[in-house]
Amino acid sequence: MGGANGKQWVMLVAGSNTWDNYRHQADVCHAYQIVHQNGIPDEQIVVMMYDDIAYNKKNPYPGNIINKPNGPNVYPGVLKDYTGEVMFFCQTRNRYFHPYLSTILTVLQDVTPGNFLAALKGDSSAVKKTNPKVIASGGYDTIFIYLSDHGGPSTFSFPNGTLYAHDLIETIKEMARNNKFSKMVIYMESCFSGSMLATLPDNVHVYAVTAARADESSYACFLDPVRKTFLSDKFSALWMHYIQVNDLNKKTFRDQFSYLQEKMRRSHSCRFGDMTVGEHLMSVFVNNTPQRVQDETRAEGLALTHLTSNHEVPFKILEHRIKTETDEDKRQHLIRKHAALHQTKARIEGTVKAISQHFPGFEHGGDLDEDYSQMDLHAFKTVAEHFRTTCFDWHEEEFQMALSHTHVFARLCARGAEAERIIKVITAVSRKKRLLQY
């Protein structure tokens, strides 16, 4: 359908990797099956996901990914437009040992914030990938974007990079100036996702819905006893279920948002941007769901179980594995791993607390939704990156939880603390912590 003489474009992004983050890639695989069954051509769908789950050594069912208990396999046919580490071996002449050939290993990472932004705005020359697939949209086209992963204040994580609100918002503004779409809808599944889109302009025909407010965790669901990981996220399970049980020629995005508000309790879905776009029928962006799928999904129903804050997911997974492990040596290893995770959490919290104590009165209270809408996003990006590179790199699985603790820096930036001063304090506290370790 799209706009007049326009196309419907869809971009689906899972920003995580590793088995414990199974649910994010399962969410994206399921979303692909939905838009594909609704008739969006594959050439108008771009999928980014690491693709290390289906044939992971921990997967008891190789080639199988499900997004709900006893659900269908959502992996078959999923596009592999941007995936994880791809290794290339090439040979070149060695100038010291000519004519012998030396082998060079090149590792490419496709799932990056840079590639995401470049592909979104259709800039194939900026994508670090051979023959990249991009959103080649124009002024009559619609774009539907869905992202699922971990997040922090004004941040959305990728395996080896961070998407900052500043860069996402600037890209959207650039696309609007360049007439790259008629209307855009963004759905974001991550903790603190409300902070990513709080500064989205209301005059560029972009409408966004998030899984949580700026100060909230999002929630995982469906802890699978066999796979020993969570299968889905609450917000994602709800919005996809709604699409599959309704006639989208009769339902608007505003209708779906009302449903999300009713069903979501522990976290709260938010919407931003141009509310007039939310009045459009959902079929304008993703076509209509086949009647057969509506009937089958409605008959199955949806009962969310094991709702768990994403901050607690690593602990819950380990606790489940400890409880069900029969080999005592393996069980003790898991217990030590659980204890180490608590110690890492305490280290991160202690460091952030030490930093915040240099700014009396800044670290507590306040309306974060309002603060984020006024925040200098570039200043926050500078501070957050300094914290990541100086203290805890949240791209490493061990320190992944550090991302959520950047809320202190977000509050500081939102209330006018200078980025240069915050950076100096981070450096001083980090140096002191390292000295105390020796």
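Each chain has its residues counted from 1, running along the sequence as written. Local features in a predicted model are, by the rule used here, given only for residues with pLDDT of at least 70; side-chain atom pairs are given and counted only at 80 or more, and totals for whole chains, interfaces and linings are based on all residues. Based on all heavy atoms of the structure, the side-chain values leave hydrogens and waters out of the count.

Draft legend 1. Highlighting the environment of Glu 319. Runs of H or I in DSSP of at least four residues are treated as helices and runs of E of at least two as strands, each being numbered from the N terminus. The residue Glu 319 is located in helix α9 (residues 313-324) in this model. Among the residues examined, Glu 319 registers a relative accessible area of 34% and is labelled partly exposed. Considering only alpha carbons, one finds Glu 319 and Leu 334, 15 residues apart in sequence, at a separation of 8.4 Å. Exposed residues in this analysis have more than 50% of their type's maximum accessible area, buried residues have under 20%, and partly exposed residues fall in between, with area computed by a 1.4 Å probe over protein chains only.

Draft legend 2. Local environment of unusual backbone geometry. Even without glycine at this site, Thr 18 takes up a positive phi of about 75 degrees. Within the secondary structure, Thr 18 sits in the loop between β1 (8-14) and α1 (22-37). Relative accessible area serves as the criterion here: at 21%, Thr 18 is assigned to the partly exposed category. For Asp 51, which is not glycine, the phi torsion reads 65 degrees and is therefore positive.

Draft legend 3. Quick look at the side chain of His 24. Note that His 24 resides in helix α1. Assessed through its relative accessible area of 1%, His 24 is described here as buried.

Draft legend 4. Quick peek at α1. Given a helix with a known number of residues, its expected span is that number minus one, times 1.5 Å. Over its 16 residues, α1 extends 23 Å from the first C-alpha to the last, a length consistent with the 22 Å expected when each residue adds 1.5 Å. Of the residues one or two after α1, Gly 39 is the one with positive phi, at around 95 degrees.

Draft legend 5. Looking closely at empty space enclosed by the protein. A pocket here means an open set of points on a 1 Å grid, computed over the protein atoms alone, that has protein on both sides within 12 Å along at least five of seven lines. A cavity is instead a set of points where a 1.4 Å probe fits but cannot get out; residues with an atom within 4 Å of a point line either one. Grid points are joined across faces, edges and corners, and a volume is the space filled by probe spheres set on the points. Throughout the structure, instances matching the rule amount to one cavity of 30 Å³ or more. In this model, the largest cavity occupies a volume close to 90 Å³. In terms of lining, the largest cavity is formed by His 30, Asn 67, Lys 68, Phe 222, Ser 232, Ala 237, Met 240, His 241, Gln 244, Thr 297 and Leu 302. Looking at the lining of the largest cavity element by element, the count peaks at four residues for helix α5 (residues 234-245). Polarity classes work like this: nonpolar for Ala, Val, Leu, Ile, Met, Phe, Trp, Tyr, Cys and Pro, charged for Asp, Glu, Lys and Arg, and polar for all others, with Gly in that last group. When grouped by side-chain class, the residues that make up the lining of the largest cavity number four nonpolar, six polar and one charged.

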